[in-house]
Amino acid sequence: MSLPDRKQDEVRRMLEGAHPPVPADLGPHAAERGARLLRRRTLARRLMWVLFALAVVAFMVWAAVEQPWVAPPTEIAPPLEGW
């Protein structure tokens, strides 16, 4: 008997036996936990969007103030006058 066959036989034997007892309030607890996880994901997603929007606004303010696309003035040498 190979390894996968043995595992399949074990699983079949487990499923053919008596089912374990399940708590009566398992469904409501699972639904409550799922709703809680959904609320946390929604809150985290909203928080990430707010942080992203704040980063975009901060970048736009910085770019408007600094104007990085404008070349800095060249101050390599003083102008030649009086030659």
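Everything that follows concerns the structure shown earlier in this document.
Just so we're clear, the structure is a prediction, and the values are computed from it rather than from any experiment.

Let us now look at helix α2 (residues 26-66). Helical geometry note: an α-helix holds 3.6 residues per turn, so side chains three or four residues apart project in the same direction. Here α2 spans 59 Å end to end across 41 residues, near enough to the 60 Å set by a 1.5 Å rise per residue. Within two residues after α2, Gln-67 carries a phi angle of roughly 50 degrees, on the positive side.

For the structure shown, the criterion picks out 2 aromatic pairs. Look at Trp-49 and Phe-52: their rings are 5.9 Å apart centre to centre, the planes differ by 85 degrees, and that puts the pair in the edge-to-face class. One end of the pair, Trp-49, and the other, Phe-52, are both in helix α2, 3 residues apart, so they sit about a helical turn from each other. According to the relative accessible area criterion, Trp-49 is exposed, its value standing at 58%. Centroid distance Phe-59 to Trp-62: 5.8 Å. Interplanar angle 35 degrees. Geometry classified as tilted. Taken together, the positions of Phe-59 and Trp-62, both in helix α2 and 3 residues apart, correspond to about one turn of that helix. Judged by its relative accessible area of 53%, Phe-59 is exposed.

Two side chains of opposite charge can pair, provided their charged atoms sit close to one another. Within the structure shown, the criterion is met by 1 salt bridge. With a closest N to O distance of 4.0 Å, Glu-32 and Arg-36 form a salt bridge. Of this pair, Glu-32 and Arg-36 both sit in helix α2, 4 residues apart, roughly one helical turn. By relative accessible area, which is 46% here, Glu-32 ends up partly exposed. The class of Arg-36 is partly exposed, set by a relative accessible area of 33%.

Cut-offs and rules
Residues numbered from 1 in each chain as written. Predicted model: local features only at pLDDT ≥ 70, side-chain atom pairs only at ≥ 80, totals over all residues. Heavy atoms only, no water. Helix = DSSP H or I, 4+ residues; strand = E, 2+ residues; numbered from the N terminus. Expected span 1.5 Å × (residues − 1). Phe/Tyr/Trp six-rings, centres within 6.5 Å; stacked < 30°, edge-to-face > 60°. Buried < 20%, exposed > 50% of the residue type's maximum accessible area, 1.4 Å probe, protein only. Salt bridge = Lys/Arg side-chain N within 4 Å of Asp/Glu carboxyl O.

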